[in-house]
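Secondary and tertiary structure notes
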Amino acid sequence: MTRSTVDSARLDVLLRRIKLEVETGALPSVQTAVALDGELIAFETWGDADPSTRYVLQSAGRPIVAGVVWKLISDGLLDVSRTVASYIPEFATNGKDAVTVEQTLTHVGGFPLAPLAYPQMCERSRRLEAFSKWRLTYEPGTRLEFHLTSAAWVVAELCERLTGHPIDEYLRTELTGPLGLDSIEIGPSVAAQSNVAPFTLVGVEPDNQAEISPWGPWYLARPEVLAAGEPSHSIVSNAADLTLWYQALMGSSLWRRDVVEDALKIRVTLPVEGERGGTRSVPGNVALFVAVAGDDGIQRAFLPVTGSPSTFGHGGAPSQVAFADPETGLSFAFLTNGYPDTGYEQTRAGLNRILNIGNLAADCIVSG
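From a predicted model like this one, the values you see are computed outputs, not experimental measurements. (Residues numbered from 1 in each chain as written. Predicted model: local features only at pLDDT ≥ 70, side-chain atom pairs only at ≥ 80, totals over all residues. Heavy atoms only, no water.)

This paragraph deals with helix α1 (residues 8-23). Taking 1.5 Å as the rise per residue, α1 with 16 residues should run 22 Å; its terminal C-alpha atoms sit 22 Å apart, in good agreement. Those residues of α1 that fall on the buried side of the exposure criterion are L11, L14, L15, R17, I18, E21 and V22. Projection of α1 onto a plane perpendicular to its axis shows the buried side chains occupying an angular sector of 160°, all on one side. Each element contacted by the buried residues of α1 is listed here: β1 (4-6), β2 (29-36), β3 (39-47), β13 (330-336) and α11 (348-362). Two or three places before A9, at the opening of α1, D7 has a side-chain oxygen 3.1 Å from that residue's backbone nitrogen. (Helix = DSSP H or I, 4+ residues; strand = E, 2+ residues; numbered from the N terminus. Expected span 1.5 Å × (residues − 1). Buried < 20%, exposed > 50% of the residue type's maximum accessible area, 1.4 Å probe, protein only. Arc of directions from axis to C-beta. Contact = heavy atoms within 4.5 Å. Polar contact = N/O pair within 3.5 Å; in protein donor to acceptor, adjacent residues only side chain to side chain.)

Structure representation (structure tokens):
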């Protein structure tokens, strides 16, 4: 049987490429990790950070939420073909009664920008009240538009209804705790944020007073909002634990293997539309709350084209990415705290950074 290995020369090229982002002053700090077959191969930090530093994952945290969903399915608690309202009756208003759990997890549910702001998000009763007020902006299943926070709030309530535990507690006790991935946390308290890399403005000349966008990622720069624990974007982790999380998804007995295989099947292939303040629209291959590379060579959600078609994961603001390739056993994470004023990296240099680094990472693998 052919076994994949990480080529040391290619790994060196990858690490030197990442280090350049700090050496050239493009980013204040970066942290990266590579793992293969359950083992950490590389873990490096450069700039104003150290190995204990945790980063706010933004959308790169969605595969952690996905792991919670896959665990609920593995334990026979969740059927994604059922409607959200069959689990959460408060959701069954304003035409949302027919929206399925699967449509929500694949971002075609029809309520992408449904609002739930701070401090309302801190109280379960007010979250359920918000659910009842949400309205559809398109017919479910007809458009792919990332449900930036709304889908993850639904997942959080599903978790609490089905297990009796809030999603942050469930993640810790059932998954990250047993796996020993202690840096991963949803909504760390203000007191626990001392090792979380602060948001740092980049890409702006010192004499240019940039106006930070009130939408999107910069919202989480406020410690109290991060602590409120929006279930997807407010997850923090170091790169090593995030990379090993992917290793666990590919091999741990905590999840049924047939469930993971089914969860990684592409369910939606549509153009990505309408993400306010988001990255440039590209065709999307969406499985259960993760993106999948596919076999057509198109770069999706910043996943590499140098990996196998089954490569899955997610990119996130400002220019972060993490993924795993089930065919080679490789997983990778690249994290930073350098944010442009919009929060989302849309410059040519920034987009090239995330695409080039991801492709170099997937290209580290050779057959032994």
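So, about the packing of helix α2 (residues 62-74) against helix α6 (residues 150-163). Two numbers describe how α2 lies on α6: the axes approach to 11 Å, and their chain directions differ by 35°. As for how α2 packs across α6, the hand of that crossing is left-handed. Every residue of α6 that contacts α2 at V65, V68, V69 and L72 is listed here: V155, C159, L162 and T163. The residue inventory of the contact of α2 with α6, partitioned by class, reads seven nonpolar, one polar and no charged. (Axes fitted to C-alpha atoms, helices over the stretch in contact; angles between N-to-C directions. Left-handed = near helix turned anticlockwise from the far one by under 90°. Nonpolar A, V, L, I, M, F, W, Y, C, P; charged D, E, K, R; others polar.)

Turning our eyes to something else, we now look at the pattern of salt bridges. Taken as a whole and judged by the stated rule, the model has 20 salt bridges. Here K19 and E23 are joined by a salt bridge, their closest N and O atoms 3.6 Å apart. Taken together, the positions of K19 and E23, both in helix α1 and four residues apart, correspond to about one turn of that helix. The exposure class of K19 is partly exposed, given its relative accessible area of 33%. A salt bridge links E90 to R161, with the shortest nitrogen-to-oxygen separation between them at 2.8 Å. (Salt bridge = Lys/Arg side-chain N within 4 Å of Asp/Glu carboxyl O.)

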